[in-house]
There are 2 protein chains.
Amino acid sequence: MKTIQSDNYPIYFEDSKAELVKFIKAGNYSRFFILTDENTAVHCLPAIKDQLGDMDNYDLIEINAGEESKDIDFCIGIWKMLIDFGADRKSLMINLGGGVISDMGGFAASTFKRGIDFVHVPTTLLSQVDASVGGKTGIDIDSIKNIVGTFTQPKAVFIAYDFLKTLPQRQILSGLAEMLKHGLIMDAAYWNTLKTSDLSQPSEELIHWSIEIKNKVVIEDPTEQSIRKALNFGHTIGHAVETNSLLTDKNPLTHGEAIAIGMICEAYLAHKKTGLSSNELAEIVEVINGLYPKYPLKETSYEVLLALMMKDKKNQSGKINCTLLDRIGQCNLDNICTDAELCESLSYYIGLQ
Amino acid sequence: MKTIQSDNYPIYFEDSKAELVKFIKAGNYSRFFILTDENTAVHCLPAIKDQLGDMDNYDLIEINAGEESKDIDFCIGIWKMLIDFGADRKSLMINLGGGVISDMGGFAASTFKRGIDFVHVPTTLLSQVDASVGGKTGIDIDSIKNIVGTFTQPKAVFIAYDFLKTLPQRQILSGLAEMLKHGLIMDAAYWNTLKTSDLSQPSEELIHWSIEIKNKVVIEDPTEQSIRKALNFGHTIGHAVETNSLLTDKNPLTHGEAIAIGMICEAYLAHKKTGLSSNELAEIVEVINGLYPKYPLKETSYEVLLALMMKDKKNQSGKINCTLLDRIGQCNLDNICTDAELCESLSYYIGLQ
């Protein structure tokens, strides 16, 4: 699978673990640090260690798995460990994990001593097709997602397809939502391919294609002034649903499950506001509902959900701003949505069979 | 006094408070935030409010004065207030204060929602000639200065000379150390002018000249890959002395007082290692000791000071790295200094009359 060239950094697919070791050696780093969580420490780190052979100028930093770890307090813990381990400006951070690891590890590295190099080795489908590409880093404060972060590009990304084999099905579905989104906002051919594929274990080709779409967008607009907003489709409502679930549910929604709900609601808004046809709306709903279990969203949550949407980074001057669709494969940026419209779209989701 | 053009932003001297208001109006910001401490809230904010007239789309954020406030915990407080005030990506942060305000306000703004605009209105001599120019932002963790930060340029800097009139003499001396440094590393004519000037209240011309020197350096090397390291003269030892004083002294050294000590020690190292003549060393010592009170540095602190120097951002591969001088007006970058040499330079300071 061909290496994808992003904004001054490569995204490797072939022999990516070996490429990682080559990269470290070529970089002449004084020391490197591998950030893992307890899952990747068990399932992914041994394969990396095998490749490292007798290299020993590194330390491990392990955090708990899960979005709760993306809080500023854990980030402070990482900074303190870097201090204690004597990390200098010629150090390298290797983020081995899912989106929490790459977002927080990227933020910690991009700000430690005003910035040390970092690379991503994404180990979940979600982080392979989304978090690891595009240079967004971030942490949460008071459960508000990515409220603090930077735009800083990694020095390289290493996609190892075999890491996905250890993932539970729910994690695959979580990443799949972003792949579906890439088709919906930008590439009808990709959407059509996805909907006729076996998606229980998406092929490496489908992942490569998804990253190509995202990469094209972020290269054109790295700091989200314009076309990058396309990637927010499903996320205005989806993020609010995700945060609310994280705060209230015993077994919270994954990111992708929440974005799947957000995409249905925002496809409904697109139908009402930007001309998405009823046939295409029905098709989107059918594909998504065929993949994701129905979530028991409640009308009593609307107030909290609207309050969360009001805190969304994409808003301006206190108005809630959504990326919608003209049609499948064609996004429509910067649509102000009223509270009434947003609630109507949530009710549309609730009313679906 | 002529506006200085920095890396894509202006540094205003004439009518700078009025220029600030023009800037806010032209920027079409959804809202702005003025970060102050309890001193600038009393001595500087009223003059800004006068200029703002009936503009009311702003909020005030006040922190305690002093380096202790530059801790990550206070920064989290600023982020939370920005969340509570509903700051969006089109918000502006105005940092009205000394180096603590500009460093931390700059860091908070450069990372909030992955970066909102900020400007500096420096109110101390130190922040006018140093912190406000060059795009370094930073906070302290565990009293390690600026261990976390970004390189992010402000959108403008507004130098108001009249703010200096309310400053105690000790604060003037604190800024003066950086002005002396600018002469020593880069401009013998400036050094010669300084040493024959009345420095109890440096003139606006001397401040303008100092900023021109710093600006030239940071434009050439914004992220400190090479010549910007010149600005670290006096800071390897000075920062350690400052941190140690902050941790142990009832009435800690100011930044400039510590840097004055650091410059004497590092001038001594320059004499030993990079050819600074004994006459020039004596001249530097005479000028600095004529301005700053002698600090009772103790040999029992050497171990702690060396440990602090080891955590300096400028080090690589565990070696302590100093910027020294070839002669007055000419710096010499990247000199590895041994513990023995560093201790010898501290003893040189202690041995001075």
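Computed from a predicted model, the values in this text were never measured in an experiment.

1. So, the interface of chain A and chain B
- If you look at the interface, chain A gives 34 residues, while chain B gives 34 residues.
- Across the interface of chain A and chain B, roughly 3100 Å² is buried in total on both sides, 62% from carbon and sulfur atoms.
- Considering only the surface of chain A that becomes buried against chain B, R89, R114 and K313 of chain A emerge as the three largest contributors, covering 25% of it.
- The interface formed by chain A and chain B contains 4 salt bridges.
- E224 of chain A is the partner of R89 of chain B in a salt bridge, and the nearest nitrogen-oxygen pair spans 3.2 Å.
- Joining chain A to chain B, the criterion identifies 10 residue pairs in polar contact (both at pLDDT 80 or more).
- Looking at the side of chain A that touches chain B, the elements with two or more residues in it are helix 4 (72–84), helix 5 (99–111) and strand 8 (144–148) of chain A.
- Ranked by the residues each element gives to the side of chain A that touches chain B, the list is headed by helix 4 of chain A, at 5 residues.
- Of the residues that constitute the side of chain A that touches chain B, the class distribution is 11 nonpolar, 11 polar and 12 charged.

2. Overview of the side chain of R114 of chain A
- For R114 of chain A, the location among the structural elements is in the loop between helix 5 and strand 6 (117–122).
- Comment: no salt bridge for buried R114 of chain A; closest opposite-charge side chain is D103 of chain B, at 5.4 Å.
- Contacts of R114 of chain A, omitting those with residues within four sequence positions, involve R89 of chain A together with K136, T137, N146, G149, T150, F151 and K313 of chain B.

3. Re the pattern of salt bridges
- Tallying each qualifying case throughout the model produces 32 salt bridges over all chains.
- For D130 of chain B, the salt bridge is made with K214 of chain B, and the minimal N-O distance between the two is 2.9 Å. Taken together, the residues D130 of chain B in helix 6 (residues 125–131) and K214 of chain B in helix 9 (residues 204–220) connect sequence positions 84 residues apart.
- Looking at D130 of chain B, the relative accessible area reads 15%, which means it is buried.
- Salt bridges linked by common partners bring E67, K145 and E242 of chain A together as one network.

4. Digging into the relation of the copies chain A and chain B
- Each copy of the sequence occupies a distinct position, and chain A is placed on chain B by a rotation of 180° and an axial shift of 0.0 Å, giving an RMSD of 0.0 Å. The superposition of one copy onto the other is thereby described by a two-fold rotation axis.

5. Quick look at the packing of helix 7 (residues 169–186) of chain B against helix 11 (residues 255–273) of chain B
Residues and elements named next belong to chain B.
- Contact geometry for helix 7 and helix 11: axes closest at 7 Å, N-to-C directions at 35°. The two elements helix 7 and helix 11 meet at a crossing, and its hand is left-handed. In this structure, helix 7 uses R170, S174, A177, E178, L180, K181 and L184 to contact helix 11, whose residues at the interface are H255, G256, E257, I259, A260 and M263.
- Class assignment for the residues of the contact of helix 7 with helix 11 results in 6 nonpolar, 3 polar and 4 charged.

6. Observations regarding the nonpolar core
All names here are of chain A.
- Ranked by internal contacts, the top residues of the largest apolar core, which has 75 residues, are I11, M179, V241, I284, M309, L325 and L342.
- For this core, the leading source of residues is helix 11 (residues 255–273), giving 11 residues.
- Sequence-distant contacts of L325, that is, excluding residues within four places in its chain, are made with L184, I185, F233, A270, T274, L276, I284, Q330, C331 and N332.

7. So, the packing of aromatic side chains
All names here are of chain A.
- Enumeration over the complete set of coordinates arrives at 16 aromatic pairs over all chains.
- Relative to F85, the ring of F33 lies with its centre 6.0 Å away and its plane at 25°, an arrangement referred to as stacked. Residue F33 is found in strand 3 (residues 31–37), and its partner F85 is found in the loop between helix 4 and strand 5 (91–97); the two are separated by 52 residues along the sequence.
- An aromatic cluster is defined as three or more aromatic residues linked by ring pairs; in this entry it consists of Y12, F23, Y29 and F158.

8. Points about the pairing of strand 5 of chain A
All names here are of chain A.
- Counting buried residues along strand 5, 7 of its 7 residues qualify, which places the element largely inside the surrounding structure.
- Burial along strand 5 is two-sided: S91, M93, N95 and G97 and L92, I94 and L96, pointing in opposite directions, are all buried.
- Two elements, strand 3 and strand 5, share 5 bridges in a ladder whose sense is parallel. Across the sheet, residue L35 finds its bridge partner in strand 5, namely N95.
- One ladder, built from 6 bridges, connects strand 5 with strand 6; its direction is parallel.

9. Examining the domain arrangement of chain A
Residue and element names in this part refer to chain A.
- Under the domain assignment, chain A is made up of domain 1 (4–166) and domain 2 (169–351).
- The centre of domain 1, based on its C-alpha atoms, is set 26 Å off from the matching centre of domain 2.
- In this complex, domain 1 contributes 25 residues to the contact, which on the side of domain 2 involves 33 residues.
- Summed over both partners, the interface of domain 1 with domain 2 buries about 2700 Å², with 65% contributed by carbon and sulfur atoms.
- Ranking the residues of domain 1 by area buried against domain 2 places L125, V129 and Y161 at the top, with a combined share of 23%.
- Linking domain 1 to domain 2 there are 3 salt bridges.
- With a closest N to O distance of 3.4 Å, E242 and K145 form a salt bridge.
- In this structure, the connection of domain 1 to domain 2 is made through 8 residue pairs in polar contact (both at pLDDT 80 or more).
- Taken together, the elements giving at least two residues each to the side of domain 1 that touches domain 2 come down to strand 1 (4–5), helix 6 (125–131) and strand 8.
- For the side of domain 1 that touches domain 2, the element with the most residues is helix 6, which contributes 5 residues.
- Here the side of domain 1 that touches domain 2 is built from residues that sort into 12 nonpolar, 7 polar and 6 charged.

10. Notes on helix 7 (residues 169–186) of chain A
- Along its 18 residues, helix 7 of chain A runs 26 Å from first to last C-alpha, staying within 8% of the 26 Å computed at 1.5 Å per residue.
- Here helix 7 of chain A lies mainly inside the structure; 14 of its 18 residues are buried.

Conventions adopted
- Residues numbered from 1 in each chain as written.
- Chains lettered and ligands numbered in written order.
- Predicted model: local features only at pLDDT ≥ 70, side-chain atom pairs only at ≥ 80, totals over all residues.
- Heavy atoms only, no water.
- Contact = heavy atoms within 4.5 Å.
- Buried area = accessible area lost by both parts, 1.4 Å probe.
- Salt bridge = Lys/Arg side-chain N within 4 Å of Asp/Glu carboxyl O.
- Polar contact = N/O pair within 3.5 Å; in protein donor to acceptor, adjacent residues only side chain to side chain.
- Helix = DSSP H or I, 4+ residues; strand = E, 2+ residues; numbered from the N terminus.
- Nonpolar A, V, L, I, M, F, W, Y, C, P; charged D, E, K, R; others polar.
- Buried < 20%, exposed > 50% of the residue type's maximum accessible area, 1.4 Å probe, protein only.
- Lys, Arg positive; Asp, Glu negative; His and termini not counted.
- Least-squares fit on C-alpha atoms with pLDDT ≥ 70 in both.
- Axes fitted to C-alpha atoms, helices over the stretch in contact; angles between N-to-C directions.
- Left-handed = near helix turned anticlockwise from the far one by under 90°.
- Core = buried A, V, L, I, M, F, W, Y, C linked by side-chain atoms within 4.5 Å.
- Phe/Tyr/Trp six-rings, centres within 6.5 Å; stacked < 30°, edge-to-face > 60°.
- Pairing = 2+ DSSP bridges.
- Domains from an automatic or database assignment.
- Expected span 1.5 Å × (residues − 1).

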